[in-house]
Amino acid sequence: NAGVTQTPKFQVLKTGQSMTLQCAQDMNHEYMSWYRQDPGMGLRLIHYSVGAGITDQGEVPNGYNVSRSTTEDFPLRLLSAAPSQTSVYFCASSPRTGEAFFGQGTRLTVV
Amino acid sequence: AQSVTQLDSQVPVFEEAPVELRCNYSSSVSVYLFWYVQYPNQGLQLLLKYLSGSTLVKGINGFEAEFNKSQTSFHLRKPSVHISDTAEYFCAVIYFGNEKLTFGTGTRLTIIP
């Protein structure tokens, strides 16, 4: 049972570089989300999707792009990395009104 | 703004003592409520959830929570904690019509031997 798979687990970027964090789920969930976790701030929603082809902004969307071409995949793109984007990123999927299942996280450092 | 508040950022508790972690949400509209646990360097795992029905919800590892609509609260309790309960605990809410899962800032539970 794979659940929610995030890659990579760790990444170091230089300021200005771009990259894509991958997220895949095999539970046929409608909803997928990206969060960032910073000390003392809990998890803040970056972007979310309620189905293939539909995405919307969360609380902290600036500097990030998403797309949802299939039910399974929901990649997060950092357009031009900044030190303020140093964080732990979590992808989650859920059925419409059920619990969210989380990936193991990606620890990103921007230098 | 619709939000969720965890007033206690850190809670130290002696082993085998009871614990209550507090969670309040901001609106009187209908909600779904969740508690998640995060062990060090891991992702989040669901402890329990309230979607409807009985206001007392039982979860894994001996935890339970009570939904109190009049006080807009969903406090987490355990009658006797163990060293293995050391973790960070997050309260989360979905407000009807919003569809987004909103998290509190977390409570770090430390068990003192």
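One can find the structure itself at the top, above this paragraph.
### Here we look at the interface of chain B and chain A
Logical step 1: Of the residues lining the interface, 19 residues belong to chain B; the matching set on chain A comes to 21 residues.
Logical step 2: Overall, the association of chain B and chain A removes approximately 1,600 Å² of surface from exposure, summing both partners, and the carbon and sulfur fraction of that is 55%.
Logical step 3: Where chain B packs against chain A, one counts one salt bridge.
Logical step 4: Here A:E99 makes a salt bridge to B:K49, at a shortest N to O gap of 3.8 Å.
Logical step 5: Viewed at the interface, chain A and chain B are joined by three residue pairs in polar contact (both at pLDDT 80 or more).
Logical step 6: Going through the elements one at a time, β5 (31-38), β6 (44-50) and β11 (101-103) of chain B are the ones with two or more residues in the side of chain B that touches chain A.
Logical step 7: Looking at the side of chain B that touches chain A element by element, the count peaks at four residues for β5(B).
Logical step 8: In the side of chain B that touches chain A, the residues fall into nine nonpolar, seven polar and three charged.

### Considering the environment of B:V4
Logical step 1: Relative to the elements of secondary structure, B:V4 occurs in strand β1 (residues 4-5).
Logical step 2: Once residues within four sequence positions are removed from consideration, B:V4 is found in contact with B:C23, B:N24, B:Y25, B:C91, B:V93, B:T102, B:F103 and B:G104.

### Some remarks on unusual backbone geometry
Logical step 1: At the junction of A:T7 and A:P8, the peptide bond is cis and its omega measures out at -5° in the coordinates.
Logical step 2: We note that B:N41 has phi near 60°; this positive angle belongs to a residue other than glycine.
Logical step 3: Mapped onto the fold, B:N41 is located in the loop between β5 and β6.
Logical step 4: When its relative accessible area of 70% is taken as the criterion, B:N41 is described as exposed.

### Observations concerning the state of the cysteines
Logical step 1: All chains considered together, the criterion is met by two disulfides over all chains.
Logical step 2: Disulfide pairing is shown between A:C23 and A:C91; the S-S distance is 1.8 Å. Since a negative S-S torsion denotes a left-handed disulfide, the A:C23-A:C91 link at about -75° is left-handed. Residue A:C23 is located in strand β3 (residues 19-25), and its partner A:C91 is located in strand β9 (residues 87-94); the two are separated by 68 residues in the primary sequence. Comparing A:C23 with A:C91 shows no difference in burial state: the two are buried.
Logical step 3: The disulfide partner of B:C23 is B:C91, and the S-S distance across this bridge is 1.9 Å. In this structure, the disulfide formed by B:C23 and B:C91 twists by about -65° around the S-S bond and is classed as left-handed. Here B:C23 is found in the loop between β3 (19-21) and β4 (24-25), whereas its partner B:C91 is found in strand β10 (residues 87-95), with 68 residues between them in sequence.
Logical step 4: By relative accessible area, which is 0% here, B:C23 ends up buried.
Logical step 5: Taking the relative accessible area as the measure of exposure, B:C91 reaches 0% and is therefore buried.

### Comments concerning the pattern of salt bridges
Residue and element names in this part refer to chain B.
Logical step 1: A full pass over the atoms with the stated rule returns nine salt bridges over all chains.
Logical step 2: A salt bridge links D8 to R22; the shortest N-O distance between them is 3.0 Å. Within this pair, whereas D8 is found in the loop between β1 and β2 (10-14), its partner R22 is found in the loop between β3 and β4, the two being separated by 14 residues in sequence.
Logical step 3: Residue R22 is classed as partly exposed on the basis of its relative accessible area, which comes to 32%.

### Structural notes on the packing of aromatic side chains
Logical step 1: Inspection of every chain in the model, using the stated rule, returns 13 aromatic pairs over all chains.
Logical step 2: Ring plane angle 90° and centroid distance 5.3 Å describe the contact between A:Y35 and B:F103, whose orientation is recorded as edge-to-face. One end of the pair, A:Y35, is in strand β4 (residues 31-37); the other, B:F103, is in strand β11, on a second chain.
Logical step 3: Aromatic ring contacts, followed pair by pair, group A:Y35, A:F102, B:F34, B:Y36, B:F90 and B:F103 into a single cluster.

Reading the values: the criteria
Residues numbered from 1 in each chain as written. Chains lettered and ligands numbered in written order. Predicted model: local features only at pLDDT ≥ 70, side-chain atom pairs only at ≥ 80, totals over all residues. Heavy atoms only, no water. Contact = heavy atoms within 4.5 Å. Buried area = accessible area lost by both parts, 1.4 Å probe. Salt bridge = Lys/Arg side-chain N within 4 Å of Asp/Glu carboxyl O. Polar contact = N/O pair within 3.5 Å; in protein donor to acceptor, adjacent residues only side chain to side chain. Helix = DSSP H or I, 4+ residues; strand = E, 2+ residues; numbered from the N terminus. Nonpolar A, V, L, I, M, F, W, Y, C, P; charged D, E, K, R; others polar. Buried < 20%, exposed > 50% of the residue type's maximum accessible area, 1.4 Å probe, protein only. Disulfide = S-S within 2.5 Å. Phe/Tyr/Trp six-rings, centres within 6.5 Å; stacked < 30°, edge-to-face > 60°.

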